[in-house]
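# A look at the structure
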Amino acid sequence: MGQKKDLTGSEKSKIVRYLAEGCSSLKIAKLLKRDHRTIKRFIQNSQQGRKKRVEKPRRKITAHELRKVKRAAAKMPLATSLAIFQSCNITGVPKSTRCAILRDMAKVRKAERRPPLNKTHKLKRQDWAKKYLKTDFSKVLWTDEMRVSLDGPDGWARGWIGKGQRAPVPLRRQQGGGGVLVWAGIIKDELVGPFRVEDGVKLNSQSYCQFLEDTFFKQWYRKKSASFKKNMIFMQDNAPSHASKYSTAWLARKGLKEEKLMTWPPCSPDLNPIENLWSIIKCEIYKEGKQYTSLNSVWEAVVAAARNVDGEQIKTLTESMDGRLLSVLAKKGGYIGR
């Protein structure tokens, strides 16, 4: 008998909602007409998080190929393992093997640590997860801003550096390179924007609302049907310009209030799927240590990178929310992997 198909995103969402309603795994299996073991396995995996990786045997790389990889790592500082191996015309090597080989001849810069969560933060994150367990996240518009600079984010760029080599010194500017503030949103499998904040504008409550009026509302929201607007939930973080009384009242006049305006827990960028979109875009525009000479050029790079993000990638991010809620509850409000 052929193997059954994996659970779809819709089925996973239904499982989470049934669990929130107090249904047993056996009852859920009958409702979805799926094997009971499949349902139990999904619940267990969601609560336990990612399984420990089992080391697999490395693919054999010849001595000649190793020398090519070492030379490429020296010529391409801060490049990814994939870029290094592709430049050597070495294909079919999984990421784990590439990184294991590079560890013998190079090193990678560590990412910055996240600020610790206190007890209040964790409790609020758990309360938020419980509140939205039954939510249909395909109706949520996830929004955020991102600042991109000409030289890349300080301390963020990372890549392989050959042992004995020094990291390249980036271009430094007398008065600083400046940057561009970008706003965007994702809902289901659709990208809203990106929209550029006018240079020199500091986003306070008034300028933030005016920006939303000129971009989000006029260029996207206005074109949507009445039924779509009725069901859409608007998400934004707790930045002062977002959470102020002025902005809250202004959004309420636009119809985004009460249950249509999602509350947000403090210190929770790991729960916002658009943060993953920002990572995808930044990896693309700053790959191999790339820098820019003007604000317009870095903005054009952001637009081009955003266009290359397809609907399936966005759908994967938005459909990850059920798992994120289960993970934050399992970790008692602690940070989850993004």
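Scroll up to find the structure this text is about.
In this report, we go over the structure that sits alongside the text.

Procedures and definitions
Numbering of residues begins from 1 in every chain and follows the order in which that chain's sequence is written. Only residues with pLDDT of at least 70 get local features here, since the model is predicted, and only at 80 or more are side-chain atom pairs given and counted; chain-wide, interface and lining totals rely on the full set of residues. Side-chain descriptors were evaluated using all non-hydrogen atoms of the structure, hydrogens and water having been removed beforehand. A pairing counts as a salt bridge when a side-chain nitrogen of Lys or Arg comes within 4 Å of a carboxyl oxygen of Asp or Glu. Here's how the labels work: a residue is buried when its accessible area is under 20% of the maximum for its type, exposed when over 50%, partly exposed in between, all with a 1.4 Å probe on protein chains only. By definition, no residue in a patch forms a salt bridge, and every one has over 30% relative accessible area; like charges are joined within 9 Å, nonpolar side chains (Val, Leu, Ile, Met, Phe, Trp, Tyr) within 5 Å. Accessible surface area values rest on a Shrake-Rupley calculation with a 1.4 Å probe, where residue burial reflects the displayed protein chains alone. Charge assignment: positive for Lys and Arg, negative for Asp and Glu; neither His nor the chain ends contribute. Every charge is mapped to an atom, namely NZ of Lys, CZ of Arg, CG of Asp or CD of Glu. Counting from the N terminus, the helices are the DSSP runs of H or I reaching at least four residues and the strands are the DSSP runs of E reaching at least two. For this analysis, a nonpolar core means a set of buried residues of the types Ala, Val, Leu, Ile, Met, Phe, Trp, Tyr and Cys, connected via side-chain atoms within 4.5 Å. The criterion used for residue contact is that any of the two residues' heavy atoms lie within 4.5 Å. We call two strands paired when DSSP finds no fewer than two bridges between them. Each axis is a line fitted through C-alpha atoms, taken for helices only over the stretch in contact, and angles between the N-to-C directions span 0 to 180 degrees. Angle categories are assigned with fixed cut-offs, so that under 35 degrees is roughly parallel, over 145 is roughly antiparallel, 65 to 115 is roughly perpendicular, and the rest are oblique. Whether a crossing is left-handed or right-handed is set by the direction in which the near helix is turned from the far one by less than a right angle, anticlockwise for left-handed and clockwise for right-handed. Residues are grouped as follows: Ala, Val, Leu, Ile, Met, Phe, Trp, Tyr, Cys and Pro are nonpolar; Asp, Glu, Lys and Arg are charged; every other residue, Gly included, is polar.

### Some words on the pattern of salt bridges
Per the stated rule, a full pass over the model turns up 10 salt bridges. In this structure, Asp35 and Arg37 form a salt bridge, with 3.0 Å as the shortest nitrogen-oxygen distance. In this structure Arg37 comes out as exposed when scored by relative accessible area, which is 58%. Salt-bridge contacts for Asp199 lead to Arg196; the nearest nitrogen and oxygen are separated by 2.9 Å.

### A few points about a negative patch on the surface
A cluster of acidic residues, Asp189, Asp310, Glu312 and Glu319, forms a negative patch at the surface. In this fold, Glu319 is placed in the loop between α14 (311-318) and α15 (321-330).

### Some thoughts on unusual backbone geometry
In the segment running from Gly193 into Pro194, the intervening peptide bond is cis, with an omega of 5°. Mapped onto the elements of the fold, Pro194 is located in strand β5 (residues 190-196). Look at Asn89: it is not a glycine, yet its phi comes out positive at around 60°. Residue position: Asn89 is located in the loop between α5 (81-87) and α6 (95-103). With phi around 50°, Cys267 is a residue other than glycine that occupies positive phi space. Along the chain, Cys267 falls in the loop between α11 (245-253) and α12 (274-285).

### Remarks on the nonpolar core
Trp128, Trp142, Val148, Met262, Ile281 and Ile285 are the most contacted members of the largest nonpolar core, which has 42 residues in total. Going through the elements one at a time, α7 (119-131), β2 (140-149), β4 (179-187), β6 (233-235), α12, α13 (295-307), α14 and α15 are the ones with two or more residues in this core. Looking at this core element by element, the count peaks at seven residues for α13. Discounting residues that sit within four places of it in the chain, Met262 has contacts with Trp128, Tyr132, Phe137, Val140, Trp142, Ile233, Phe234 and Met235. One finds Ile187, Cys209, Phe217 and Met232 within the second-largest nonpolar core, a separate group that totals 22 residues.

### Comments concerning the side chain of Asp322
Turning to its location among the elements, Asp322 is positioned in helix α15. Buried charge Asp322 goes without a salt bridge, the closest partner of opposite sign being Arg17 at 5.5 Å. The contact partners of Asp322, leaving out residues within four places of it in the chain, are Lys12, Ser13, Val16 and Phe137.

### So, the sheet that holds β2
Taken together, the four strands give an open sheet; going across it, the order is β5-β4-β2-β6, and neighbouring strands pair in mixed fashion. Each edge of the open sheet carries a strand with a single partner, namely β5 and β6. With strand direction ignored, the average angle separating the axes of adjacent strands in the sheet is 20°. Inspection of the sheet shows β2 paired to β4 by eight bridges, in the antiparallel sense. Bridge pairing in β4 links Arg147 to Leu181. On top of the sheet, α13 reaches β2, β4 and β5; it is set at about 175° to β5, its chief contact.

### Quick notes on the pairing of β4
Most of β4 sits inside the fold, with nine of its nine residues counted as buried. Going residue by residue along β4, you find Gly179, Leu181, Trp183, Gly185 and Ile187 tucked away on one face and Val180, Val182, Ala184 and Ile186 tucked away on the opposite face as well.

### What to know about the side chain of Arg125
One can find Arg125 in helix α7. A relative accessible area of 0% means that Arg125 is categorised as buried. Once residues lying within four places of it in the same chain are set aside, the contact partners of Arg125 are Leu117, Pro265, Pro266, Cys267, Ser268, Asp270, Leu271, Val328, Gly333, Gly334, Tyr335 and Ile336.

### Details of the packing of α12 against α13
At a minimum axis separation of 9 Å, α12 and α13 run at an interaxial angle of 120°. In terms of axis orientation, α12 runs oblique to α13. Of the two elements, α12 crosses α13, and the hand of that crossing is right-handed. On α13, the residues that touch Ile281, Glu284 and Ile285 of α12 are Ala301, Val302, Ala305 and Ala306. When the residues that make up the contact of α12 with α13 are grouped by side-chain class, the tally is six nonpolar, no polar and one charged.

### Looking at the packing of α7 against α15
In contact at an axis separation of 9 Å, α7 and α15 are set at 135° when each is read in the N-to-C sense. Classed by the angle they form, the pair α7 and α15 counts as oblique. Seen along the crossing, α7 lies across α15 with a hand that is left-handed. In this structure, α7 uses Arg125, Gln126, Trp128, Ala129 and Lys130 to contact α15, whose residues at the interface are Met321, Leu325, Val328 and Leu329. Considered class by class, the residues forming the contact of α7 with α15 number six nonpolar, one polar and two charged.

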